[in-house]
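These are the residues of each chain, in order.
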Amino acid sequence: MTQSVPAGRVRPEDWLMVRPEGLYCAPADLHVDPTRPVARAVVTHGHADHARAGHGQVLATAETLAIMASRYGAGFAGRTQALALGETLSLGDVRLRLAPAGHILGSAQAVLEHGGSRVVVSGDYKRRRDPTCPAFEPVPCDVFVTEATFGLPVFRHPDDAHEVARLLEQHRRNPDRTIVVGVYALGKCQRLLRLLREAGYDRPVHLHGALEGLTRLYGELGVEVGPVEPATMAARERLAGAIVLAPPSAIADRWARRLADPIVAMASGWMGVRQRARQRGVELPLVISDHADWDELLATLRDVGAPRVWVTHGREEALVHAARGMGIDARALALVGFEEEGS
Amino acid sequence: MNRFARLLDALAFTPSRNGKLRLLRDHFAELPDPERGWALAALTGGIDLPSAKPAMIRALVAERVDPVLFTWSYDFVGDLAETTALIWPAPDAVAERRNAPPPTLAEVVAELTAASRAEVPALVAGWLDQLDATGRWALLKLVTGGMRVGVSERIAKTAVAGLGEVPVEAVEEVWHGLRPPYEPLFAWVTGAGDRPDPEAAARFRPMMLSHPLEEGELDAMAPAEYAAEWKWDGIRVQVAATGAERRLFSRTGEDVGGAFPDLVATLDFRAVLDGELLVVRDGTVAPFSDLQQRLNRKTVGTKLLTSHPAWIRLYDILVDGEEDLRGLAFDARRERLETWFSDRRPARMDLSPLIGFTTWPELTELRAGARAAAIEGLMLKRRASPYLSGRPKGHWYKWKRDPLTVDCVLMYAQRGHGKRSSFYSDYTFGLWTEAGELVPVGKAYFGFTDDELQQLDRWVRNHTTNRFGPVREVEPGLVLEIAFDGVQRSTRHKSGLAMRFPRVARIRWDKPAGEADRLPVLEAML
Ligand SMILES: [Zn+2]
Ligand SMILES: [Zn+2]
């Protein structure tokens, strides 16, 4: 399938191309989420596979810049420029705007317009409600660059509330045990805290040290998560009957085994597949994801109405297949350095 | 089903024995009967469902999901049941789902047990539409027989025992006498019932069988010493119900209850009974062919249950409550049977009536009228006989309605026509005269299988004594039991008799030709 190009228009692939360091917009001399240091980058969100230190200039939301500063230190880039969601910036004859992506606090889609066509680079996104960030905004466009982390029809995430209810039921049934939940430090941790509060759980939640900094930052950026306490081993006895959040690397390790008869839980979209959960030694898999599931991916392709879709970051082949079945000119965008992020 | 699915799911993710025990105990404590009992049965391998093959599951998915996407998904997930459970598209009609709540485990078991093989896919698909992903996974594990969640029978029993103050050894002791869904077991361990008696298992008692009434035997029998009843044309069965268990056994002790859930459901008493299994509509016994449609099925659909209702016509009572009546004489047992019946009025049973008679000729006349459908003949039972196992001599006799069969001797064989032209397939047979001469009485060319035809053909070729064109004369060495619809005088046959519609009923390879019937036997059937 080839797309006919109206006179006067430039084809998007002539001004937006895949380079070893990432997606590159030549007329603006701008990279989107580059994985190596570049002169100028727009960063969609603070996750490490999108946000790297060492660029000459970084354009991002104020929240993403704050997150990067907290992770990499204040001098993570030569210069930074905060862009509000919806604000338009001209770079040569390219117009750049950020639209909410609904992925984590500060996450945005990069909307690029040039030569009469519009390309939206979604970064990571999801479509369901997240109490820590504004909802994804579908932006009609000519080319939609989508992620495909959960790009197989077996990924159909249940309601968050349903999963949190399961967590709280286990908590109620096991008053002498500690439930330790594996969560990613950026985004998932704070979202789960908010979901617990929404479900009426108002007791202190104990945090592994690796989660404390970003959670404090979220609070400073206006995302209140209720009472949290450090999950120090000195307080081991007090942790019986408590909920502890810890990074995924800690839940299967000696740290967790020193807790009071722990029930190991994990909050991730991958938990929908039993084998994945068992491989990680998880007893209580919670399907809570910051990425769109299969139905959300397909719904988004319909919502943005782009005749062309470039798929990256996950299971490209299945989403390309399904998009073609919808009459969309879809292909895989081979991006280097974007590993499976695992959230 | 969703609760059971959550249990299975949690068990699959819980590595520790104590964790599994706690999950099971909570489940058994929180769910009502019979749901918890079926869960126990599912985990201990006590449910025997018509298993769905993986191919059936694949076919159901193929109707709903792009095959390319399914293949990639299956590659990723690595388990057919789980892939299917996850990929199954939720039905669009939310209202429809509201109207049909997800099935209970008990409903799933009941409907699958009653379903024919052909009905299983639609049933499963309907449930997949109603269940959530975990429910679908558990259902598929259940129907494909792949319930591996690391629960041993011992852990499950320990969890049941843990509901009360009962040690697991005590559960083991009564276990073999129990059947799903184990209501008496749960009642006992929770203090709501007595200990189930392991001897209360509904077991088969060997049946008492009859001998055919030989000619002339009646002369030596005193009519007053025998009771007579009709020999119904159904299947002889034994009903065994103990309160805890309800079974329906065939004459050989095979449990045939699975094909007759309508009947089994009514066995709400404690007794062992002997009777004839029939299909009865509005009090009328249907032909045997109707009953045949319900036989040899592991399961039976609801349509057939309605159109072919099962019934038992009672002959005898072996055990009443705790009391073994087999040592009593027939008359005494019959009295007990009649009392039991009028007390109980079982929903799908009646009594096989006794036939009043004082002389044998009187009974012979009644028997001649027994040509109506569903009556095979008469039974004569010695009034003083206890209920004995096996086929004891001198107690029970079957006196079938006019047999209209005679044992003849093969005399000539002729080549057939068409595809049988290379076989000797048309047989002329005869009976012995008083003088010891064999005279032809008829000709038959059907009533045997293709295999039997080949055997007969070989026998003919090996025992030929003479050839007349296409006809071979054979030595008088093979007995054929010939069935026929009637006999009349004929001048065309040397015997002076002609049979109507003769056919080979059986080849009596075992019977010496000298013991075949004599001409007067046939003359008596005129
Ligand atoms: Zn991300
Ligand atoms: Zn990512």
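Residues numbered from 1 in each chain as written. Chains lettered and ligands numbered in written order. Predicted model: local features only at pLDDT ≥ 70, side-chain atom pairs only at ≥ 80, totals over all residues. Heavy atoms only, no water.

1. Some details on the overall build of chain A
On a plain count of helices and strands, chain A comes out with ten helices and 19 strands. Out of the 343 residues belonging to chain A, those deemed buried represent 59%. Restricting to contacts in chain A with at least 6 residues of sequence separation, those with at least 24 account for 61%. Accessible area of chain A: about 12,700 Å², with a carbon and sulfur share of 50%. (Helix = DSSP H or I, 4+ residues; strand = E, 2+ residues; numbered from the N terminus. Buried < 20%, exposed > 50% of the residue type's maximum accessible area, 1.4 Å probe, protein only. Contact = heavy atoms within 4.5 Å. Areas by Shrake-Rupley, 256 points an atom, 1.4 Å probe, with all protein chains shown as cover.)

2. So, the pattern of salt bridges
Summed over the entire model, instances satisfying the criterion amount to 54 salt bridges over all chains. With its nearest N and O atoms 3.3 Å apart, the salt bridge here joins A:E113 to A:R95. Taken as a pair, A:E113 in strand 9 (residues 108-114) and A:R95 in strand 8 (residues 94-100) lie far apart in primary sequence, 18 residues in all. Exposure remark for A:E113: the relative accessible area of 21% places this residue in the partly exposed category. Classification of A:R95 by relative accessible area gives partly exposed; the value is 44%. Salt bridges here are not isolated pairs; linked through shared partners, they connect A:E169, A:R173, B:R3, B:R6, B:D26 and B:E30. (Salt bridge = Lys/Arg side-chain N within 4 Å of Asp/Glu carboxyl O.)

3. With respect to the coordination of the zinc ion (ligand 2)
All names here are of chain A. Bound to the zinc ion (ligand 2) are the protein donor atoms D49 (OD), H50 (NE2), D124 (OD) and H313 (NE2), situated 2.0 to 2.7 Å from the metal. Donor residues binding the zinc ion (ligand 2) come from one chain and are separated in sequence as D-H-x73-D-x188-H. Given a relative accessible area of 7%, D49 falls into the buried group. (Donors = N, O, S within 2.8 Å, 3.2 Å for Na, K, Ca; no water.)

4. A short note on the packing of helix 1 (residues 2-13) of chain B against helix 3 (residues 35-43) of chain B
Residues and elements named next belong to chain B. One way to put it is that helix 1 packs onto helix 3 with a least axis distance of 11 Å and a crossing angle of 40 degrees. It follows that helix 1 is oblique to helix 3 by the angle criterion. Every pair of crossing elements has a handedness; the one defined by helix 1 and helix 3 is right-handed. Residues F4, L7, L8 and L11 of helix 1 pack against A39, A42 and L43 of helix 3. (Axes fitted to C-alpha atoms, helices over the stretch in contact; angles between N-to-C directions. Parallel < 35°, antiparallel > 145°, perpendicular 65-115°, else oblique. Left-handed = near helix turned anticlockwise from the far one by under 90°.)

5. Section: the coordination of the zinc ion (ligand 1)
Ideal geometry at a metal gives 109.5 degrees between four tetrahedral donors and either 90 or 180 degrees between six octahedral ones. All names here are of chain A. For the zinc ion (ligand 1), every protein donor is listed as H45 (NE2), H47 (ND1), H103 (NE2) and D124 (OD), and the spread of their distances is 2.1 to 2.2 Å. In this structure, the zinc ion (ligand 1) is surrounded by four donor atoms whose angles at the metal cover 88 to 168 degrees, and the resulting shape is irregular. For the zinc ion (ligand 1), the single-chain donor residues occur in sequence as H-x1-H-x55-H-x20-D. Relative accessible area serves as the criterion here: at 0%, H103 is assigned to the buried category. (Tetrahedral: all angles 85-135°; square planar, octahedral: opposite > 155°, others 65-115°.)

6. A short note on the interface of chain A and chain B
Every contact between the two is made by 27 residues of chain A and, on the other side, 26 residues of chain B. Here chain A packs against chain B, burying approximately 2,200 Å² in sum over the two surfaces, 55% of which is carbon and sulfur. For the salt bridge of B:D9 with A:R274, the shortest nitrogen-to-oxygen distance reads 2.7 Å. Of all elements in the fold, only helix 3 (160-173), helix 8 (274-279) and helix 10 (316-325) of chain A reach the threshold of two or more residues within the side of chain A that touches chain B. Counting residues per element, the side of chain A that touches chain B draws most heavily on helix 8 of chain A, which supplies five residues. Looking at the side of chain A that touches chain B residue by residue, the classes come out as twelve nonpolar, four polar and eleven charged. (Buried area = accessible area lost by both parts, 1.4 Å probe. Nonpolar A, V, L, I, M, F, W, Y, C, P; charged D, E, K, R; others polar.)

7. Observations concerning the sheet that holds strand 3 (residues 30-32) of chain A
Strands in a sheet are paired, the pairing made by backbone hydrogen bonds, and the direction either parallel or antiparallel. Residue and element names in this part refer to chain A. The strand order across the open sheet built from six strands is 1-2-3-4-5-6, with neighbouring strands paired in mixed fashion. Two strands bound the open sheet, and with one partner strand each, they are strand 1 (16-19) and strand 6 (77-82). Here the average twist between neighbouring strands, direction ignored, is 30 degrees. Bridge count for strand 1 against strand 2 (residues 22-25) is four bridges, and the pairing is antiparallel. Across the sheet, M17 pairs through a bridge with Y24, a residue of strand 2. Across the sheet, helix 2 (residues 62-72) touches strand 5 (55-60) and strand 6, and the angle it forms with strand 5 is around 135 degrees. (Pairing = 2+ DSSP bridges.)

8. Some thoughts on the sheet that holds strand 19 (residues 329-332) of chain A
Residues and elements named next belong to chain A. The seven strands are arranged 7-8-9-10-11-18-19 in an open sheet whose pairing can be described as mixed. Unpaired on one side and paired on the other, strand 7 (88-91) and strand 19 mark the two borders of the sheet. Each adjacent strand pair in this sheet contributes to an overall mean axis angle of 20 degrees, direction not counted. As paired elements, strand 7 and strand 8 share four bridges and run antiparallel to each other.

9. Quick look at unusual backbone geometry
Residues and elements named next belong to chain B. Here the amide bond leading from D33 into P34 is cis, since omega sits at -5 degrees, within 30 degrees of zero. Geometrically, the link from P180 to P181 is a cis peptide bond, its omega value of 0 degrees lying close to zero. One non-glycine residue with positive phi stands out, namely Y182, at about 60 degrees. With respect to the helices and strands, the residue Y182 is situated in the loop between helix 12 (168-175) and helix 13 (183-189).

10. Structural notes on the nonpolar core
Residues A:F144 and B:L185 are the most contacted members of the largest nonpolar core, which totals 125 residues. Not counting residues up to four positions away in its chain, the partners in contact with B:L185 are B:L40, B:V160, B:V171, B:V174, B:W175, B:L178 and B:P196. In this structure, A:L195, A:L196, A:A265 and A:L284 belong to the second largest nonpolar core, which totals 33 residues. (Core = buried A, V, L, I, M, F, W, Y, C linked by side-chain atoms within 4.5 Å.)

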